[in-house]
Amino acid sequence: MATFIKILLVLLLLLVGLFSISSLAYARSTENHLLSSKTTSSANQTESPNLFPQEDINSSVAVHNPRLVDQNFKFPFLPPFNPFIRYLGENAGYYPLPNTGARIFYFFFESLFRSVEDPVVLWLSGGPGASGSIALFYENGPLQLKEDLSLIWNVYGWDKISNIIFVDQPIGTGFSYTTNNIDIRHNLTSVIEDLYNFLQQFFQDRLDFAQNDFYIIGQSYAGHFAPVLASRILQGNKVNKGIHINLKGLAIGNGLTNPRIQYPTIPFFAKMNNLIEETDYLKVDEMIPKCESSIEDCDRGDDDACLTADDNCRRMVQAIRGMTNRNFYDIRTQSAGSLDYDFSNLESFLNKRSTKKSLNVGDRTYMNWNTLVFRALKREHMKNFDVGIPALLEAKIKVLIYAGNKELMCNWIGNMKWVLELEWYGKQEFTKAPFVPFLVDDKEVGKMMSHGLLTFIQVFEAGHMVPMDQPNVALHMIRNWMQEEVK
C-alpha cells in the first residue's frame, strides 16, 4: 500500500509540472526587468582584454578538421522549477573555425515542447560586435536576468516555438575569441562564411535537426548579416555541397539594411517625435545631402567612399545627440551612456566564476560589445544589403521586416520605406496593400502590410529590441509568421 501511494505521488508531481509549464508558457509575466539601474566598472568597457590570449582553452594551434566542442550545462543558481521538466536540451560551447585559431561561442536550446517537429532558429544580434547573450537574457531566450543577477524563466521565450541558437559573432564578440589577430574579419563575406561553416558543422553533429525548417532572425546589424547568410545558404544548397539547410525564411527587427534610404529619415523622425526643435531640425537637415551622396558613392562600389559615408552620416547623428538626451534606440527613455542601454549586469553575471565554470569558458572575459570588431567592419556599415532579398523571394523564402515604433536610429519609417522601394516581382501589389491593424489576442498592437512572401509590421510601444519591450507580441508574431498565420 505504501509503495502504491509513493507511485501515486510521483505521478501527481508529473501532472502538476506539465500543467504548470503549459500555463506559464503564455501567461503574462509580472516581472519587468528591461534595464539595469546599476553601473559597474565594466559598463563602458568595450574591447575584450583577452581577445588574443596566449593559450587557447581548446587548442593552441589552427584547426583543420573542426568539430563542435560543447556540453549540456546547467547554471547552479536557477530558480526552483519542476525537476522533471527543466532542462533537457540546453547546450553551450565553441566551434573552432577551420584553418584559424578562432573559436565561435554559442548557446543552443532545444524546443521546450516538440523539439522533433519545431523549426530551428538562428538568432543574430547586431553591433557589429554585440553578443547574442544580450538577446538571450533580455529578450527571447528561455532565461531572464534580474537586477540582483538571479535568473527567472522567461514565459515568452522562443524556445516555446523553436529550437533556438544564440551565437557570438563575428570573431571577437562576447565569449568568441581568436589566438591571432589575423582572424579578425574586415568584410561581410568572411563573416558570413564563418557563420555558414558553423551551421554546416552544427547540423552535421545534430542530424536529427537537419531536416527541420530553418529560420534566420535578428535585429539591428542583422539587417546586413541575415540577407547575405540566407543567400549563402541557398548557394550551398544549389551546388549540393555539405548539409542541405532547409531555409524557409528570414526576419529582421529594427534592422540597418539600406542606409541610403534609412539614414535621411533620422532627422525627420526626431522632429516628428519632438526630440528636437524646428530650428535644430533645419540645421541637421542641411547635413542630409552630404550623408546621402556619399552613401550613393559607396553603393557604386567605392570602398573609400563607404568610409566617408560612415563619417558624414555619423556626424549628422552626433549633431542630434547634442540636441537631446533621449535614448536613440528607445525614445521613451533617457540615454544610459554612450551605448544608450545599460546591460552591465549581464557582464557581471557572465563573468562570475560559477557562470564561467558552468559554461566551460575558462577564465575568458565576457564583453557585451567589442568596438574592435565594430571598427574592423567599418567599410561595410553603409553598404546596401537589401539587394539579395528579391532573389530570396523568388526562391520562395519568406521575409518579415518588423520595427518598434519608438526607435530613432533604425526607425520604422526608414525600414518601411526601403521595403516599399524594394525591386521584386511583387512590388506593385505590395505597394498597393493596405496598412492594416496587426492583432494579438484580438488587440491592435501594431500595423502591417503584406503581399505574397513579404511582410512588414510596425510594433506599437517598442524600441530597438521588440522582444524585450513587447515579449508577448513578439512571440505571437514570430510563431504566426513561421506558421503562415500572420494577420
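Residues numbered from 1 in each chain as written. Predicted model: local features only at pLDDT ≥ 70, side-chain atom pairs only at ≥ 80, totals over all residues. Heavy atoms only, no water.

### Re the packing of aromatic side chains
Here comes step 1: Taken as a whole and assessed by the stated rule, the structure comprises 28 aromatic pairs.
Here comes step 2: Geometrically, the ring pair formed by Phe-108 and Phe-209 is edge-to-face, given 5.5 Å between the ring centres and 85 degrees between the ring planes. One end of the pair, Phe-108, is in strand E3 (residues 102–109); the other, Phe-209, is in the loop between helix H3 (188–205) and strand E9 (214–219), and 101 residues separate them in sequence.
Here comes step 3: Given a relative accessible area of 0%, Phe-108 falls into the buried group.
Here comes step 4: A relative accessible area of 4% means that Phe-209 is categorised as buried.
Here comes step 5: An angle of 45 degrees between the planes, with centres 4.5 Å apart, marks the rings of Tyr-138 and Phe-343 as tilted. Of this pair, Tyr-138 sits in helix H2 (residues 132–140) while Phe-343 sits in the loop between strand E12 (330–334) and helix H10 (344–350); the two residues are 205 residues apart in sequence, bridging distant segments of the chain. As far as the burial class goes, Tyr-138 and Phe-343 line up, both buried.
Here comes step 6: Each residue in the set Tyr-94, Phe-105, Phe-107, Phe-109, Phe-137, Phe-166, Phe-175, Tyr-177, Phe-349 and Tyr-366 is aromatic and connected to the rest through ring pairs, giving one cluster. (Phe/Tyr/Trp six-rings, centres within 6.5 Å; stacked < 30°, edge-to-face > 60°. Helix = DSSP H or I, 4+ residues; strand = E, 2+ residues; numbered from the N terminus. Buried < 20%, exposed > 50% of the residue type's maximum accessible area, 1.4 Å probe, protein only.)

### Details of the confidence of the model for the chain
Here comes step 1: The predicted model of the chain has a mean per-residue pLDDT of 85, with 80% of residues at 70 or higher.
Here comes step 2: Across residues 52–64 the pLDDT falls below 50, and counting only partners more than four positions away or on other chains, this stretch makes 35 contacts in the model.
Here comes step 3: Here residues 82–86 is modelled with pLDDT under 50, and outside its nearest four sequence neighbours on either side it reaches 17 contacts, counting other chains as well. (pLDDT = per-residue confidence, 0-100. Contact = heavy atoms within 4.5 Å.)

### Focus on the state of the cysteines
Here comes step 1: One pass over the full model with this rule turns up 2 disulfides.
Here comes step 2: A sulfur-sulfur distance of 2.0 Å marks the disulfide that ties Cys-291 to Cys-313. For the disulfide bridge between Cys-291 and Cys-313, the dihedral angle about the S-S bond is near 100 degrees, and by the sign convention the bridge is right-handed. Taken together, the positions of Cys-291 in helix H8 (residues 288–299) and Cys-313 in helix H9 (residues 303–321) put the pair 22 residues apart, joining distant regions of the chain. For the pair Cys-291 and Cys-313, a shared accessibility class is recorded, and that class is buried.
Here comes step 3: Across a sulfur-sulfur distance of 2.0 Å, Cys-298 and Cys-306 are joined as a disulfide pair. Residues Cys-298 and Cys-306 share a disulfide whose torsion about the S-S bond is about 90 degrees; that sign makes it right-handed.
Here comes step 4: The class of Cys-306 is buried, set by a relative accessible area of 0%.
Here comes step 5: When the cysteines of the chain that form disulfides are numbered from the N-terminus onward, they connect as 1-4, 2-3. (Disulfide = S-S within 2.5 Å.)

### Considerations on the pairing of E9
Here comes step 1: For E9, a buried count of 6 out of 6 residues is recorded, marking the element as mostly surrounded by other parts of the structure.
Here comes step 2: Along E9, one buried face is formed by Phe-214, Ile-216 and Gly-218 and the opposite face, lined by Tyr-215, Ile-217 and Gln-219, is buried too.
Here comes step 3: Sheet topology note: the strand E4 (residues 120–124)/E9 ladder contains 5 bridges and is parallel. Bridging across to E9, Val-121 finds its partner in Tyr-215.
Here comes step 4: As paired elements, E9 and strand E10 (residues 247–253) share 6 bridges and run parallel to each other. (Pairing = 2+ DSSP bridges.)

### Things to note about the pattern of salt bridges
Here comes step 1: Applying the stated criterion across every chain, the model contains 20 salt bridges.
Here comes step 2: With a closest N to O distance of 3.0 Å, Asp-311 and Lys-378 form a salt bridge. Pair noted here: Asp-311 is in helix H9 and Lys-378 is in the loop between helix H12 (371–376) and helix H13 (389–394), with a separation of 67 residues, a long-range link.
Here comes step 3: For Lys-378, a relative accessible area of 27% corresponds to the partly exposed category.
Here comes step 4: Via salt bridges that share partners, Asp-330, Arg-332, Lys-406, Glu-461 and Asp-469 belong to a single interconnected network. (Salt bridge = Lys/Arg side-chain N within 4 Å of Asp/Glu carboxyl O.)

### Here's the deal with the pairing of E10
Here comes step 1: A large share of E10 lies buried, amounting to 6 of its 7 residues.
Here comes step 2: At this point the chain moves from E9, through helix H4 (residues 222–238), to the parallel E10, and the crossover so formed is right-handed.
Here comes step 3: Bridge count between E10 and strand E13 (residues 398–404): 5 bridges; the pairing is parallel. Across the sheet, Gly-253 pairs through a bridge with Tyr-402, a residue of E13. (Right-handed = clockwise from strand over helix to strand, strands pointing away.)

### Focus: the packing of H3 against H4
Here comes step 1: Viewed as axis vectors pointing N to C, H3 and H4 meet at an angle of 60 degrees, and their least axial separation amounts to 9 Å. As far as their axial angle goes, H4 and H3 are oblique. Crossing geometry of H3 relative to H4 is assigned as right-handed. The segment H3 lies against H4, with Leu-188, Val-191, Ile-192, Glu-193, Leu-195, Tyr-196 and Leu-199 engaging His-224, Phe-225, Val-228, Leu-229, Arg-232, Ile-233 and Gly-236.
Here comes step 2: Looking at side-chain class alone, the contact of H3 with H4 contains 10 nonpolar, 2 polar and 2 charged residues. (Axes fitted to C-alpha atoms, helices over the stretch in contact; angles between N-to-C directions. Parallel < 35°, antiparallel > 145°, perpendicular 65-115°, else oblique. Left-handed = near helix turned anticlockwise from the far one by under 90°. Nonpolar A, V, L, I, M, F, W, Y, C, P; charged D, E, K, R; others polar.)

### Remarks on the environment of Pro-96
Here comes step 1: You can see Pro-96 is positioned in strand E2 (residues 90–96).
Here comes step 2: Residue class for Pro-96 comes out buried when judged on its relative accessible area of 5%.
Here comes step 3: Measuring from C-alpha to C-alpha, the distance between Pro-96 and Phe-198 comes to 8.6 Å, with 102 residues separating the pair along the chain.

### What to know about helix H6 (residues 265–272)
Here comes step 1: Regarding H6, the residues found buried are Thr-265, Ile-266, Pro-267, Phe-269 and Ala-270.
Here comes step 2: At its buried positions, H6 is contacted by helix H5 (259–262), helix H7 (278–285), H8, H9, E12 and helix H14 (412–421).
Here comes step 3: Backbone geometry just after H6 places Asn-274 at a positive phi near 60 degrees.

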